[in-house]
Structure formats: C-alpha cells, structure tokens
Amino acid sequence: MLVDGYRRPVTYLRVSVTDRCNLRCVYCMPPEGIEWQPHAGILRYEEIYAAVRAAAGLGIRSVRLTGGEPLVRAGLPALVEMLAAIPGIQEVSLTTNGLLLEKMAPELAQAGLKRVNVSLDSLSPERFARITRGGSLDQVLRGVQAAEACGLTPVKFNVVVLRGVNLDELLDLAALSFENKRQVRFIELMPVKNQAPWGEGFPASGQAYVPAGEILRRLAPLDPQPVASTCGCGPARSYTIAGGRGVIGLISPIGDHFCGSCNRLRLTADGNLRPCLLNDQEVPLRPALRAGQPLEPLFEQAARLKPSGHQLDLRPALGGRSMRQIGG
Ligand code: SAM
Ligand code: SF4
C-alpha cells in the first residue's frame, strides 16, 4: 500500500498524456499558445503503462487521463485499453474539454473507459467561445450526449467560477445536474502560471477569483444539502440540490484545505511524479523508465514528499508549471 508521510493512503493517479491542447482557455493558456514539449520528451504509451503497472502494484486503484487535452493525443483508446487491463486498476476515467468526444466516445467506452469529466464554464455559445478562445459549445454538448449514450456516466462537469465572466450562470450550470445523474463541480480559480492578461472584456486574473463560500451562497436558491462525497476520489464537497434531483460539488483548494483527505499523485506528460498540484516539487520517473530500473521506489519517494497541505495562502502564485502541463 502506498501511504504518505501523514498516513494518507494514495490510491489515485492522474496521468497527463500530453501538454498540447485544441483550445486556449483564458485561465490556462495565453492566446498565442505555448511552446509544446518535444515528442521525445513525452512518455510513450508503453512507458505510461509501465508506470501505472508499478503504481497498481503499490495500491493505486483509479487512473484519470488528462492533459492538455487528452483526446488530441493519437490513439488514446489504445492506452485506455492497456491501462484498464492492469490487475488492480478498478477505474480509468478521463477529463476532457469534450470537443472530440462525439467522435471518440464509442471507441473509448469499448476500450474500457468508465467515466468522463467535461469542462464547461458557460452555457452561452458566445461566452463559451470567448472563455475557450474559439471552442464550440454545441460540439461539446454533442460530445456529452455521445458519452452518455455510450454509458460513460455519470458525466461530471467542471466549471471554473470567474467573477465578471460566468457568475450570473451558476444556477443554470447547476441545473445541468438535473438529468442523467450528472454532477456539476464548481472550481475555484487557481493562481497557476499563465495568468497573464486574459484579453479585452475580461477582469484581471487576480480579480476573477470567487471563494467557495460565495459560490455556495449564490447557489442557495437551489437549497444545497451536504452529502458524503460520492466518488471518494478527490477534494470536493458534495451537495444534493433541488429536492435531490441533482448533485453539485465545490472544489476549493484555496478557500478550504481538503488536503487532509488527499489521496493522489500526478504523472506529468514528460514523466515526472508530482506529489501535490499546488507545490512545485517533482520526482523524475523517465530516466528510470528508460533505463529499465524499478519504479516502485520513486512512487514511494513521491508519496513521502506529499506535503500535509498547500501554502497558497502564504505564497500567492505558483512559479513553475501551468495547469495544462500538470494536468489540472
Ligand atoms: N483539457 C482538459 C479539460 O479542459 O478538461 C483537461 C485538462 S485541464 C488542465 C483540467 C481542468 O483544469 C479543467 O477542468 C480546467 O477547467 C481546470 N483548470 C485549468 N486551469 C485552471 C485554473 N487556473 N484554475 C482552476 N482550474 C483550472
Ligand atoms: Fe486546454 Fe483544458 Fe487548458 Fe482549456 S483548461 S486550455 S481545454 S488544457
């Protein structure tokens, strides 16, 4: 069993399969994009497989594929199939912007994918296109329907709450959860790298942050009632709303410390184990992978390096990697 220095069991691995993306969300990337990692620096599928197999032997049970945008990496269903077949891995899931989901959902489901989280910050096509710098809301919603038709359920929506951008839509976004057991998770804006000016009509990134307490107050008309987290896989508080028709979550790394129940490690696309999203310490896995050395000691080292909690309140912005590099 992988246990960290504070006796928290580590059972969940987020794997970033690429740092590339087909969108440029204002809070994640600059409009001109960023310099991608060269292909040789990105873990090959066999290397990701080897890493997850070692992790499974140490007690990792759930794997979430993320990015960048995981669906832009060629042949992703093949990776899903490889990972889903690893003994001990109970669930392979995916976080995506949904643009390519309509086309890929059937193949992903057939490969053994269990669920998808889809990022969706607005239900207004124009606003959605502005936030994502060019994304089509319609295409994403068709992707969600395709995912549900293939049994990739319950779909969870990730909404980054942004003052001056989508605060007026929280009730409408929460109402997405009324159908098909979907969940809507409202996420506090995190002060990661690439918080350069977002563009005309947007607030300064420092002013867009909305604390979870305020998000919850704004959802009060839906009468949110706290429930035990349904997934057991992350730092979210869950609530039933509107007579139990829907479930919403609040992900609040800044306003609340959920670190006490943190159960995860991250593997970056270039092969570093990252003990904490909000801490720049990393353990390189790639040299050992490419030299055929055992990986277990590196997972154990990364688990030991997990801090008891983050210190974002003391240190307002991360200097190192942006979200699309870490995988969110
Ligand atoms: N491209 C995929 C997507 O957008 O779902 C997966 C990668 S993305 C980095 C993972 C999650 O991180 C998304 O839900 C996104 O909204 C969130 N995210 C990115 N930058 C963020 C920030 N600065 N604060 C909070 N969440 C952020
Ligand atoms: Fe791409 Fe996801 Fe970042 Fe948006 S949040 S730019 S979709 S990686």
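Our structure's up above, just so we're on the same page.
Residues numbered from 1 in each chain as written. Chains lettered and ligands numbered in written order. Predicted model: local features only at pLDDT ≥ 70, side-chain atom pairs only at ≥ 80, totals over all residues. Heavy atoms only, no water.

Peer 1: What should I look at first to understand the site of ligand 2 in this one?
Peer 2: In the vicinity of ligand 2 there are eight residues, among which Cys-21, Leu-23, Cys-25, Cys-28 and Asn-97 approach most closely. Along the lines of polarity and charge, the residues of the shell around ligand 2 split into five nonpolar, two polar and one charged. (Near = heavy atom within 4 Å. Nonpolar A, V, L, I, M, F, W, Y, C, P; charged D, E, K, R; others polar.)

Peer 1: Looking at this structure, I do not really get the site of ligand 1. What am I missing?
Peer 2: Among the 20 residues in the neighbourhood of ligand 1, the closest are listed as Tyr-27, Gly-68, Glu-69, Ser-119 and Met-190. Between a nitrogen atom of ligand 1 and a main-chain N or O atom of Gly-68, the distance comes to 3.0 Å. For ligand 1, whose free accessible area comes to 540 Å², the fraction covered by protein is 95%. Elements with a minimum of two residues in the shell around ligand 1: strand E3 (91–96), strand E5 (156–161) and strand E6 (183–188). (Polar contact = N/O pair within 3.5 Å; in protein donor to acceptor, adjacent residues only side chain to side chain. Areas by Shrake-Rupley, 256 points an atom, 1.4 Å probe, with all protein chains shown as cover. Helix = DSSP H or I, 4+ residues; strand = E, 2+ residues; numbered from the N terminus.)

Peer 1: Help me out: how do you make sense of the packing of aromatic side chains in this one?
Peer 2: Here a ring pair, both rings aromatic, is described through the centre-centre distance and the interplanar angle of the planes. For the coordinates displayed, the defined rule picks out one aromatic pair. Centroid distance Trp-198 to Phe-202: 6.2 Å. Interplanar angle 75°. Geometry classified as edge-to-face. Comparing Trp-198 with Phe-202 shows no difference in burial state: the two are buried. Sitting above the plane of the Phe-202 ring, Arg-130 keeps its charged end 4.5 Å from the centroid. (Phe/Tyr/Trp six-rings, centres within 6.5 Å; stacked < 30°, edge-to-face > 60°. Buried < 20%, exposed > 50% of the residue type's maximum accessible area, 1.4 Å probe, protein only. Lys NZ or Arg CZ within 6 Å of the ring centre and 35° of its normal.)

Peer 1: Would you mind showing me how to read the pairing of strand E10 (residues 264–267) here?
Peer 2: The side chains of a regular strand alternate, first on one face of the sheet and then on the other. Residues Arg-264 and Arg-266 of E10 are buried on one face, and the alternating residues Leu-265 and Leu-267, pointing to the opposite face, are buried as well. Summarising the sheet, strand E1 (residues 12–16) and E10 pair through four bridges and their orientation is parallel. Directly across from Tyr-12, in E10, lies its bridge partner Arg-264. By the bridge criterion, two bridges tie E10 to strand E11 (residues 272–274) in an arrangement that is antiparallel. In the strand pairing of E11, Arg-266 is matched with Arg-274. Where E10 folds back on E11, the antiparallel hairpin that results is connected by four residues, among which Gly-271 adopts a positive phi of roughly 90°. (Pairing = 2+ DSSP bridges.)

Peer 1: I tried to follow the environment of Leu-305 on my own but got confused; where do I start?
Peer 2: Relative to the helices and strands, Leu-305 resides in the loop between helix H10 (296–304) and helix H11 (323–326). Overall, the relative accessible area of 28% leaves Leu-305 in the partly exposed class. Sequence separation between Leu-305 and Asp-4 is 301 residues, and the spatial gap between their C-alpha atoms is 7.4 Å. With residues up to four places along the chain from it excluded, the contact list for Leu-305 reads Pro-275, Gln-281 and Val-283. (Contact = heavy atoms within 4.5 Å.)

Peer 1: How should the sheet that holds E5 be read in this particular structure?
Peer 2: The strands making up a sheet are joined through hydrogen bonds of the backbone, oriented either antiparallel or parallel. Across the sheet, 12 strands lie side by side as E7-E8-E9-E6-E5-E4-E3-E2-E1-E10-E11-E12; this open sheet has mixed pairing. Each edge of the open sheet carries a strand with a single partner, namely strand E7 (225–227) and strand E12 (283–284). Bridge analysis of strand E2 (residues 62–66) against E3 gives four bridges, and the strand direction is parallel. Considered in E3, the bridge of Val-63 is made with Val-92.

Peer 1: Would you take a moment to explain H10 for this structure?
Peer 2: The periodicity of an α-helix, 3.6 residues per turn, causes residues three or four positions apart to be oriented the same way. Turning to H10, its buried residues number three or more, namely Leu-298, Phe-299, Ala-302 and Ala-303. Angular distribution of buried residues about the axis of H10 spans 140°; they occupy a single face of the element. Close packing links the buried residues of H10 with E1, helix H1 (45–57), E10, E11, E12 and helix H9 (286–291). (Arc of directions from axis to C-beta.)

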